[in-house]
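Structure at a glance
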Amino acid sequence: QVHLVESGGGLVQPGGSLRLSCAASGMIFSINVMGWYRQAPGKERELVATITTSYSTTYADSVKGRFTISRDKAKNTVYLQMNSLKPEDTAVYYCNAYGNYGLNSWGQGTQVTVSS
């Protein structure tokens, strides 16, 4: 399995920026895709962005142009740079690793709150 640890959440004012990090350990070789998801109170968990081992990326329409997902292969870490944050971005953000051998691991989540 893969163990994921997120960091970087916090409280930020509307229009501000945050960078989330997700450090992976364990069966790194089995990872095909890493992604960020979020879940707001009373809502379903939703996809935010994904990045493959070949650095192909996808984004939810709601974050296109504001968020950027990236990865540092040497550090086994995926990042989510979030700019122009809005109150509706408030949620718990989860890192996910998906891949071979039935891999589908989740981190513990990190809270992002956008409020003045």
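Let us look at the structure shown here. The shown structure was predicted, so the numbers you read here are calculated from the model rather than taken from an experiment.

Tallying each qualifying case throughout the model produces two aromatic pairs. Ring geometry for Phe 29 versus Tyr 101: centroids 6.4 Å apart, planes at 70 degrees, classification edge-to-face. Here the residue Phe 29 occupies a position in the loop between strand 3 (18–26) and strand 4 (31–39), and Tyr 101 occupies one in the loop between strand 9 (91–99) and strand 10 (104–106), the gap between them amounting to 72 residues. When its relative accessible area of 68% is taken as the criterion, Tyr 101 is described as exposed. Taking the centre distance of 5.0 Å and the plane angle of 65 degrees together, the rings of Tyr 37 and Trp 106 count as edge-to-face. Taken together, the positions of Tyr 37 in strand 4 and Trp 106 in strand 10 put the pair 69 residues apart, joining distant regions of the chain.

Of all hydrophobic cores here, the largest spans 29 residues; its most connected members are Met 34, Trp 36, Leu 80, Met 82 and Tyr 93. When residues of this core are traced back to their parent elements, those giving at least two are strand 1 (2–7), strand 3, strand 4, strand 5 (46–52), strand 7 (67–72), strand 8 (77–82), strand 9 and strand 11 (110–114). Excluding residues within four positions of it along the chain, Met 82 makes contact with Gly 16, Ser 17, Leu 18, Leu 20, Arg 66, Phe 67, Tyr 93 and Val 112.

The rules behind the values
Residues numbered from 1 in each chain as written. Predicted model: local features only at pLDDT ≥ 70, side-chain atom pairs only at ≥ 80, totals over all residues. Heavy atoms only, no water. Phe/Tyr/Trp six-rings, centres within 6.5 Å; stacked < 30°, edge-to-face > 60°. Helix = DSSP H or I, 4+ residues; strand = E, 2+ residues; numbered from the N terminus. Buried < 20%, exposed > 50% of the residue type's maximum accessible area, 1.4 Å probe, protein only. Core = buried A, V, L, I, M, F, W, Y, C linked by side-chain atoms within 4.5 Å. Contact = heavy atoms within 4.5 Å.

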